[in-house]
Amino acid sequence: MTYFPARRAALTATFSLLTAAAWAQNAGTQWTKDGYGYLEVRRDSVVQLDIRQPGQTRTLLSKRQLMPAGQTTPLGVRRVALSDDGRLILLNTNTKKVWRYDTRGDYWVYDTGSKQLTQLGKGRPESSLMFAKFSPDGSKVAYVSGHNLYVENLADHAITQLTADGTDKLINGTFDWVYEEELDCRDGFRWSPDGQRIAYWQLDANKTRNYLMLNTTDALYPFTVPVEYPVVGEDPSRCRVGVVAVSGGATKWMDVPGDAVQHYIPRMEWAGANELIIQQLNRRQNESKLMLCTAATGAVKPIYTETDKAWVNAKDEPVGWDWLQGGKSFVWASEKDGWRHLYQIDRSGKEKLLTPGNYDVVSVERIDEAGNTIYFLASPTNATQRYLYKVPLKGGKAERVTPAALSGTNSYEVSPNGKVALHRYASASSYPVSDVVALPAHQRLSGGDMPAQAKALKLPKTEFFQVKTADGVTLDGWMVKPTNFDPAKKYPIVFMVYGEPASQTVTDNFGTGFNRLYQGSMADDGYIYASIENRGAPAPRGREFRKAIYHNIGALNIRDQAMGATEVLKNNWVDTSRVAVWGWSGGGSSTLSLMFQYPKIYKTGISIAAVDNQLNYDNIYQERYMGLLPEDKHYFVDNSPLAHAKNLRGNLLLIHGTGDDNVHYNNAEQMISELVKNGKTFQMMAYPNRTHSISEGEGTSKHLAATYTKFLKENCPPGGR
């Protein structure tokens, strides 16, 4: 479930101020083979930066070189990639969105030897190519178009079509809506190490029903917009993995055991010249199996199984596999001992714990085998922060790499050679600063200067706190008090909530404490603005904290929020008659549940793009956390906001986009019907044809903010009393 935090606009507004290093990191850094350089796309050129020579750039492609023959304007480049020998440059242009990301577009290849710029996929529709990748030897490029796979020979640009059965519903080499949304799957094919074969996913969504969104504004007569969308209880798309020769021919399908419909295959990579490795999750997502597949025969050998009483996550990264010892073993993350740790697993399934201790590994940043080091993010003592740590390949005690002075959130893009990293530091009280550091000493090589524009930015004075609830649970929180705060007065408080497993709201990062939907300054107007992190959030506080929410979305997370708020409201300077809550997506759902289940606490609520009935949402997300039908149906029904709508007592504003392809508009209409049935008055704002972000169309964002601010001020008036 996508989360739209309140701080997004603040980050967007200041994004252009970030340094080139931070931009490269956020865009997905394309490193040079030696690990010291990286590419950067500029307005009319592509340049290469060398970390060893700060401030110097080498132009790889000039404005003139980006001009196709017969044209007078250069290509607008979105992404670039280099062939292994650096001679060829792959350019992604003219991109279009597929659901959330612009993964369709045109591709060109520039040959630095012949100085030729050539478009790939000629004859295919404009902006229809996806995930183009060089073969290992750089002689070919493979791509997806129209849900079929193609290989193009770069010597003569002859195109070989590898699959011919692709349709809107039979998907080769990429994924359906729900795989992309909930498993982060987009790029659905992989070159073999020898460049002779391609392994790919095929999803058959023919039995997945379409949700019909209604477009009432773009034509005289309304028309429907179909979106393939499997709600709770509906079967997933049939999923299988096959291997096909680049010269064409029949696909060899892997003999993955079990029902190809009642499972998910979220991760797949080559495991050698003739083997694949895949991760298979069962439908309930509480059993993960790793399997080696023989590419030539399809034979499958399970090597490692993990189960959990709640759920098992898919491998973090959708592309790549962390191999060691030339492919004899790999690094894998598991929560099996109560903490998220890294293990070394060999091809027979034998495992070894690498990161012992009572802390969570947040993410692997780089495995530097030459340097005998694994770099990863963690924050053992403060779940709101992030730091770089390292352990030797053989495992052992984690050693912090990030200097103690950099208290807050640190992110890294470690180069392939493990010796340098693009580093970004930020906190709730400081603007993001980017630099380049040498590892493992964390010595700054360049950067670190704050942009001049950032110095004028007024940041909220965010205070972090912890509360212990009546249930004995300690929760993290943050708060921004009014400007010129007077503890002798009582102020209204506005809680921002999310509440579900998709995201944290309490992080010591830039943007925390901002509210993009409020026109003006909440602090100057006299509001307390706050957020509390309930159990179930993906905070590095151990498995039990995160997975206590299993079967309990809409219950346990809501009680944690309410009990946490109860502790905050004990402060004499909080006006308990003016308590508001708001949230978006899962936060919209939490807002409704808090208003309905704890009406004595929350007097005003603004719910945006909420899942009002958990049976309406997609199967992968909701079943992962709540179970399967029919045996677990009561968890979905009893814990949905819809079941408690009759208890509304306060002021409620519902906001939803009618073109929301994620949390569909039927959620809002079901809630409206339930409130009307129970005689509950409320306000409603529908945004025609706007998606889950409610951002499309002239004036939309401004209008949304004005609607939010007006309702809040009228129903939860600002200022100390």
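Residues numbered from 1 in each chain as written. Predicted model: local features only at pLDDT ≥ 70, side-chain atom pairs only at ≥ 80, totals over all residues. Heavy atoms only, no water.

**Looking at the confidence of the model for the protein chain**
For the protein chain, mean pLDDT is 94; residues scoring 70 or higher make up 96% of the total. Of the regions scoring below 50 in pLDDT, residues 4-27 engages in 54 contacts with residues more than four places distant in sequence or in other chains. (pLDDT = per-residue confidence, 0-100. Contact = heavy atoms within 4.5 Å.)

**Considerations on the environment of P688**
With respect to the element layout, P688 can be found in the loop between β42 (683-687) and α11 (700-715). With relative accessibility at 35%, the residue P688 sits in the partly exposed group. C-alpha separation for the pair P688 and G418, spaced 270 residues apart in sequence, amounts to 49 Å. The contact partners of P688, leaving out residues within four places of it in the chain, are T217 and T658. (Helix = DSSP H or I, 4+ residues; strand = E, 2+ residues; numbered from the N terminus. Buried < 20%, exposed > 50% of the residue type's maximum accessible area, 1.4 Å probe, protein only.)

**Let's talk about the pairing of strand β2 (residues 45-50)**
Across the six residues of β2, six count as buried, placing the element largely inside the fold. Sheet topology note: the strand β1 (residues 37-42)/β2 ladder contains six bridges and is antiparallel. Among the inter-strand pairings, L39 is bridged to a residue of β2, identified as Q48. Direction of pairing for β2 relative to strand β3 (residues 57-61): antiparallel, over a ladder of four bridges. Within β3, the residue paired with L49 across the bridge is T57. (Pairing = 2+ DSSP bridges.)

**Observations regarding the pattern of salt bridges**
The tally for this structure, following the rule as stated, stands at 38 salt bridges. Two residues, D187 and K133, come together in a salt bridge whose shortest N-O distance is 2.8 Å. You can see D187 sitting in the loop between α3 (177-183) and β13 (189-191) and its partner K133 sitting in strand β8 (residues 129-134), a full 54 residues away along the chain. Measuring nitrogen to oxygen at the nearest pair gives 2.8 Å for the salt bridge that ties D360 to R546. Of this pair, D360 sits in the loop between β26 (351-353) and β27 (361-368) while R546 sits in helix α5 (residues 543-547), and the two are 186 residues apart along the sequence. Note on D360: relative accessible area 3%, which makes it buried. What makes R546 buried here is its relative accessible area of 10%. (Salt bridge = Lys/Arg side-chain N within 4 Å of Asp/Glu carboxyl O.)

**Quick look at the UniProt feature "domain: Peptidase S9 prolyl oligopeptidase catalytic" (unreviewed entry) in the protein chain**
Within the UniProt annotation, "domain: Peptidase S9 prolyl oligopeptidase catalytic" (unreviewed entry) is assigned to residues 521-715. Here residues 521-715 runs as 39% helix and 17% strand, with 17 Å between its end C-alpha atoms. (UniProt positions renumbered as here; feature names shortened; annotations may be inferred.)

**Examining the packing of aromatic side chains**
With the rule as written, the count across this model stands at 26 aromatic pairs. Measuring from ring centre to ring centre gives 5.3 Å for F485 and W573, while their planes differ by 90°; the resulting arrangement is edge-to-face. In this pair, F485 is assigned in the loop between β36 (474-480) and β37 (491-496) and W573 in the loop between α6 (556-568) and β39 (574-584), connecting sequence segments 88 residues apart. Relative to Y527, the ring of Y518 lies with its centre 5.8 Å away and its plane at 80°, an arrangement referred to as edge-to-face. The residues Y518 and Y527 share a single accessibility class, namely buried. (Phe/Tyr/Trp six-rings, centres within 6.5 Å; stacked < 30°, edge-to-face > 60°.)

**Concerning the sheet that holds strand β33 (residues 430-438)**
Backbone hydrogen bonds are what pair the strands of a sheet, in a parallel or an antiparallel way. Within the open sheet, the four strands sit side by side as β31-β32-β33-β34. Their pairing is antiparallel. Sheet topology places β31 (409-414) and β34 (443-447) at the edges, where each strand pairs with a single neighbour. Across the sheet, the mean angle separating the axes of adjacent strands is 35° when strand polarity is ignored. Note that β31 and strand β32 (residues 420-427) share six bridges and pair antiparallel. (Axes fitted to C-alpha atoms, helices over the stretch in contact; angles between N-to-C directions.)

**Structural notes on the sheet that holds β1**
Taken in spatial order, the three strands line up as β1-β2-β3 in an open sheet, and their pairing is antiparallel. What marks the edges here is a single partner per strand, and that holds for β1 and β3. Going across the sheet, the axis of each strand differs from the next one's by a mean of 30°, ignoring polarity.

**Comments concerning the UniProt feature "domain: Dipeptidylpeptidase IV N-terminal" (unreviewed entry) in the protein chain**
When the UniProt feature table is mapped onto this chain numbering, "domain: Dipeptidylpeptidase IV N-terminal" (unreviewed entry) sits at residues 83-428. What you have in residues 83-428 is 2% helix and 49% strand, and the ends, taken at the C-alpha atoms, are 40 Å apart.

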